Amino acid sequence: MVAMIKSLFVLARVILFVGLSMCSAVLHAEQFNIKDVQVDGLISLSEGFVVNSLPVRIGQTINDDDFNVIIQKLYETGYFADIKLSKAAGDVLVIKVQERPTIKSLSIKGNKALKTDPLLAGLSAAGLAENKPYNPSILGSLKKEIERQYVSMGMRGSQVQTKVTPIKRRNAVNVVIQVKEAKAAKIRRIAISGNRAFSDSKLKGLMSLRDSKGLAFWSKKNRYLKQQLSADLDRIETFYRNNGYLKFAVESAQVNVDKNSGGVIIDLAIREGNAYRINDLKFLSQEIEDTREIDQKLSELRGRIYSKKQITELERVIKGMLGKQGFAFARVKGVPKFREAQNKVDVIFALEKGKRSYVRRINFTGNTKTQDDVLRREMRQLESAPANTALIEQSRLRLMRLGFF
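Predicted, not measured: the structure shown is a model, and the values here were computed from it.

Draft legend 1. Seen up close, the packing of aromatic side chains. Applying the stated criterion across every chain yields a total of ten aromatic pairs. Relative to Tyr245, the ring of Phe198 lies with its centre 6.1 Å away and its plane at 70°, an arrangement referred to as edge-to-face. With Phe198 in the loop between strand S9 (187-193) and helix H6 (200-205) and Tyr245 in the loop between helix H7 (226-241) and strand S10 (249-257), this pair connects stretches of sequence that are 47 residues apart. On the basis of relative accessibility, which here comes to 18%, the residue Phe198 falls in the buried class. Above the plane of the ring of Phe338 lies Lys247, whose end atom (NZ or CZ) is 4.6 Å from the centre.

Okay, structure coming up:
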């Protein structure tokens, strides 16, 4: 739901940008000094609002470039559908506007899968809410975005209709968004091709999505969700890379709808590649002062099947070692170098220690009842000493054990 709100907000910003890019000033005249400002066409807004929104002031000299900026700034308020500038006698800047109607009420009907409150929050973030100006371009684009959200939830065919009713004798409208939700698409079959090392049942067992075989009719595990399929593919890839298949790839993931049953058929084509063992582990540069702490770990991994998880854990350990030496912001990356003829890899660790860090001062915030002195007694990291990530973590744990936080 958070992703939906963000996508609606980004979409509204794109609409606003496109709208502004199409604006152009109609006044082309020599520069003049503004003696007064006259605003025509206002219905509900005050002239003071318009004047305060201007990027120029009375007494300022303006030219064609300023006219474009004026129009752009007024459009950015969102309250105007049309803006025209002209110059009247006596060096008066005349601004003729057409106000957008205000949304008096906004309601959503027929929605169950998408909850109303988060949906309204997303619409509001995108600029569509009660007491805000009504922009038909935003409403039309948000309608399509809501339909896209339903498709991503496996409810392809859901329809979103909008009804805008003007309120007589008032520059306002009532907006109703009517949703007709389609039934969630059920997965009829998941087919996997290209796998030799691991069976279909093993790979399907890694997935959160399931086909309908063997599931109760009320189960939601066989509901097709695009996001879940993407997460399942990541899970399968992680599984292979933790079992030596560094060059594993999902070549295609096709999703089709069976015309007869309406069920979803997922066809996954994968390329396993070869399983690689670790030949050796090396450091690109000898920047660690003492490697005894990890020598045993390096020795244990030699000859084993490559595991991305184990290499990531080793990166964390090496980074921790550098942190103990005062390099709190060190970077460590284990890069495989392939020995294709032997189906082996050398893992080369690239280190970026950076500068040694020192703790200048330790400050506490949020301790409204406990004195700083009580907390400082638990600190193992000292001020004016090199930053030691292990001591910082010990300090954190000791503070937690006090039971105050």
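Draft legend 2. Representation of the side chain of Asp211 within the structure. The residue Asp211 is located in the loop between H6 and H7 in this model. Other than its neighbours up to four places away in sequence, Asp211 contacts Ile187, Arg188, Arg189, Ile190, Lys204 and Asn222.

Draft legend 3. Structural view of the pairing of S10. Bridge count between S10 and strand S11 (residues 264-271): eight bridges; the pairing is antiparallel. What sits directly across from Ala253, in S11, is Leu268. Linking S10 to S11, which pair antiparallel, is a turn of six residues; within it Gly262 sits at a positive phi near 80°.

Draft legend 4. The arrangement of the packing of helix H8 (residues 292-301) against helix H9 (residues 308-324) in detail. Closest axis-to-axis distance for the H8/H9 pair is 11 Å, and the angle between their directions is 165°. In this view, H8 runs roughly antiparallel relative to H9, as classed from their interaxial angle. For the pair H8 and H9, the sense of crossing is left-handed. Contacts from Glu293, Ile294, Lys297, Leu298 and Leu301 in H8 reach Gln310, Leu314, Val317, Ile318, Met321 and Lys324 in H9. Considering only residue class, the contact of H8 with H9 consists of seven nonpolar, one polar and three charged.

Draft legend 5. Quick look at the sheet that holds strand S12 (residues 277-283). Spatial ordering of the open sheet is given by S12-S14-S13, a layout of three strands whose pairing is mixed. The strands lining the two open edges of the sheet, one partner per strand, are S12 and strand S13 (331-339). For this sheet the average axis-to-axis angle between neighbouring strands, irrespective of direction, equals 25°. As defined by bridge partners, S12 adjoins strand S14 (residues 344-352) across six bridges and the pair is classed as parallel.

Draft legend 6. How the structure looks around the confidence of the model for the protein. When pLDDT is averaged along the protein, the result is 86; 89% of the residues meet or exceed 70. Overall, residues 9-26 carries pLDDT values under 50, and its contacts beyond four positions in sequence, including any with other chains, amount to 22 contacts.

Draft legend 7. Region of the structure containing the pairing of strand S5 (residues 92-99). Within S5, six of the eight residues are buried, which leaves it mostly tucked inside the rest of the structure. Two strands pair when backbone bridges link them, and strand S2 (residues 36-40) and S5 are joined in this way by five bridges, in the parallel orientation. In the sheet register, Val37 faces S5, and the bridge partner there is Leu93. Across eight bridges, the pairing between strand S4 (residues 80-88) and S5 is antiparallel. Directly across from Phe80, in S5, lies its bridge partner Glu99. Linkage of S4 to S5, two consecutive antiparallel strands, is achieved through a turn of three residues, within which Gly90 is found at a positive phi near 85°.

Draft legend 8. Representation of the pattern of salt bridges. Here the structure, examined in full by the defined rule, presents 17 salt bridges. The partner of Arg148 in a salt bridge is Glu145, with the nearest N and O atoms 2.8 Å apart. Remark: Glu145 and Arg148 occur in helix H5 (residues 136-152); sequence separation between them is three residues, near one turn of the helix. A salt bridge links Lys247 to Glu340, with the shortest nitrogen-to-oxygen separation between them at 2.4 Å. With Lys247 in the loop between H7 and S10 and Glu340 in the loop between S13 and S14, this residue pair connects regions lying 93 residues apart in the sequence. Of the residues examined, Glu340 reaches a relative accessible area of 38% and is grouped as partly exposed.

Calculation criteria
- Throughout, a residue's number is its position along its own chain's written sequence, starting from 1.
- Given that this is a predicted model, residues contribute local features only at a pLDDT of at least 70 and side-chain atom pairs are listed and counted only at 80 or more, while totals for whole chains, interfaces and linings are drawn from all residues.
- Hydrogens and water molecules were not included; the side-chain quantities draw on all heavy atoms of the structure.
- Aromatic rings from Phe, Tyr and Trp, taking only the six-membered ring of Trp, are treated as a pair when their centres fall within 6.5 Å; an angle between ring planes under 30 degrees marks them as stacked, one over 60 as edge-to-face, and anything in between as tilted.
- Helical segments are the DSSP runs of H or I of at least four residues, strand segments are the runs of E of at least two, and each set is numbered from the N terminus.
- The buried label applies to any residue whose accessible area, calculated with a 1.4 Å probe on protein chains only, is under 20% of its type's maximum; exposed applies above 50%, and partly exposed to all values in between.
- By definition here, charges over rings are those cases where NZ of Lys or CZ of Arg is within 6 Å of the ring centre and within 35 degrees of the ring normal.
- Should any heavy atoms of two residues lie within 4.5 Å, those residues are counted as being in contact.
- Being paired, for any two strands, means DSSP has found at least two bridges between them.
- Helix axes are fitted to C-alpha atoms over the stretch in contact, other axes to C-alpha atoms as well, and angles between N-to-C directions run from 0 to 180 degrees.
- Relative orientations are named as follows: roughly parallel for angles under 35 degrees, roughly antiparallel for angles over 145 degrees, roughly perpendicular for angles from 65 to 115 degrees, and oblique for any other angle.
- Two helices cross in a left-handed way if the nearer one is turned anticlockwise from the farther one by less than a right angle. They cross in a right-handed way if the turn is clockwise.
- When residues are grouped by polarity, Ala, Val, Leu, Ile, Met, Phe, Trp, Tyr, Cys and Pro land in nonpolar, Asp, Glu, Lys and Arg in charged, and all others, Gly among them, in polar.
- Confidence scores per residue from the predictor, reported as pLDDT, run from 0 to 100.
- A side-chain nitrogen of Lys or Arg and a carboxyl oxygen of Asp or Glu constitute a salt bridge if their distance falls within 4 Å.

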